[in-house]
Amino acid sequence: MKKLIVISAVIMATLIQTHAQSERGERGRDFSPEKHAERMTERMTEKLDLNEEQQKEIHALHLEQAQKRKTEMEARREAMKVEREAREAKIAGILSPEQKEKWETMREENRQNIKEGRKGPGKRMMNRGARGANRPG
């Protein structure tokens, strides 16, 4: 039972660390399910001194979870894309031709800002709120 608790704790800590690293903007790395399973298994092997049989079983578990998570994320992205396109179509139906033109310019500027890594006013406000700056306290 203790081994299961330790393994679970290590998995959770590793997932949190991996998520934190991706949040910090470490891009360009290979986030394939296979690479993820390899990295997780290597870390656990290093920390817990897993034998070969344990490594194989742990790797299989990590790979299964990573593949499932990738599939779920792809489905989520697709659903969000459909929702965004529907919302944009509704907005386009509400705006006048002049407003649509300005809106398209705004959207293009936002795309450029994202591409260049700059934050627009909306992102700054969201980040400030996320840190609690706007919360009473």
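Residues numbered from 1 in each chain as written. Predicted model: local features only at pLDDT ≥ 70, side-chain atom pairs only at ≥ 80, totals over all residues. Heavy atoms only, no water.

### Re the overall build of the chain
Turning to step 1, where the next piece is worked out: Looking only at helices and strands, one finds 5 helices and 0 strands in the chain.
Turning to step 2, where the next piece is worked out: Along the chain, helices and strands appear, N-terminal first, in the series α-α-α-α-α.
Turning to step 3, where the next piece is worked out: Expressed as a percentage of the 137 residues in the chain, the buried residues total 16%. (Helix = DSSP H or I, 4+ residues; strand = E, 2+ residues; numbered from the N terminus. Buried < 20%, exposed > 50% of the residue type's maximum accessible area, 1.4 Å probe, protein only.)

### What to know about unusual backbone geometry
Turning to step 1, where the next piece is worked out: Its identity is not glycine, yet Asp-49 carries a phi of approximately 55°, on the positive side.
Turning to step 2, where the next piece is worked out: Secondary-structure assignment places Asp-49 in the loop between helix H2 (33-48) and helix H3 (52-94).
Turning to step 3, where the next piece is worked out: On the basis of relative accessible area, Asp-49 is assigned to the exposed category, the value being 66%.

### Focus on the pattern of salt bridges
Turning to step 1, where the next piece is worked out: A complete count under the given rule lists 4 salt bridges for this structure.
Turning to step 2, where the next piece is worked out: Residue Glu-88 pairs with Arg-84 through a salt bridge whose shortest N-O separation is 4.0 Å. With Glu-88 and Arg-84 both in helix H3 and 4 residues apart, this pair spans about one turn of that helix.
Turning to step 3, where the next piece is worked out: A single network of salt bridges, built from pairs that share partners, joins Arg-84, Glu-88, Glu-104 and Arg-107. (Salt bridge = Lys/Arg side-chain N within 4 Å of Asp/Glu carboxyl O.)

### Comments concerning H3
Turning to step 1, where the next piece is worked out: When the terminal C-alpha atoms of H3 are compared, their 62 Å separation across 43 residues agrees well with the 63 Å that a helix rising 1.5 Å per residue should span.
Turning to step 2, where the next piece is worked out: For H3, every residue scored as buried is listed here: Ile-58, His-62, Leu-63, Ala-66 and Glu-88.
Turning to step 3, where the next piece is worked out: Looking at where H3 begins, the residue whose side-chain oxygen comes 3.1 Å from the main-chain nitrogen of Glu-53 is Asn-51. (Expected span 1.5 Å × (residues − 1). Polar contact = N/O pair within 3.5 Å; in protein donor to acceptor, adjacent residues only side chain to side chain.)

### With respect to H2
Turning to step 1, where the next piece is worked out: Over its 16 residues, H2 runs 22 Å from end to end, which matches the ideal 22 Å to within 8%, given 1.5 Å per residue.
Turning to step 2, where the next piece is worked out: Three or more residues of H2 are buried, namely Pro-33, His-36, Ala-37, Met-40, Thr-41, Met-44 and Thr-45. Viewed along the axis of H2, the buried residues span an arc of 160°, placing them on a single side of the element. Away from its buried face, by an angle of more than 90 degrees, H2 presents the exposed residues Glu-42 and Glu-46.
Turning to step 3, where the next piece is worked out: Just downstream of H2 lies Asp-49, where phi reads positive at about 55°. (Arc of directions from axis to C-beta.)

### A word on the packing of H3 against helix H4 (residues 97-116)
Turning to step 1, where the next piece is worked out: Contact geometry of H3 with H4 gives a least axis separation of 9 Å together with a crossing angle of 145°. Contacts between H3 and H4 involve Glu-88, Ile-91 and Ala-92 from the first element and Lys-100, Trp-103 and Arg-107 from the second.
Turning to step 2, where the next piece is worked out: A breakdown of the residues in the contact of H3 with H4 according to their chemical character gives 3 nonpolar, no polar and 3 charged. (Axes fitted to C-alpha atoms, helices over the stretch in contact; angles between N-to-C directions. Contact = heavy atoms within 4.5 Å. Nonpolar A, V, L, I, M, F, W, Y, C, P; charged D, E, K, R; others polar.)

### Re the confidence of the model for the chain
Turning to step 1, where the next piece is worked out: Summing up the model confidence of the chain, the mean pLDDT is 81 and the portion of residues at 70 or higher is 71%.
Turning to step 2, where the next piece is worked out: Across the chain, H3 holds the top mean pLDDT of 95, while helix H5 (residues 121-130) sits lowest at 50.
Turning to step 3, where the next piece is worked out: A low-confidence stretch, residues 128-137 stays under pLDDT 50, and its non-local contacts, those more than four residues away or across chains, total 6 contacts. (pLDDT = per-residue confidence, 0-100.)

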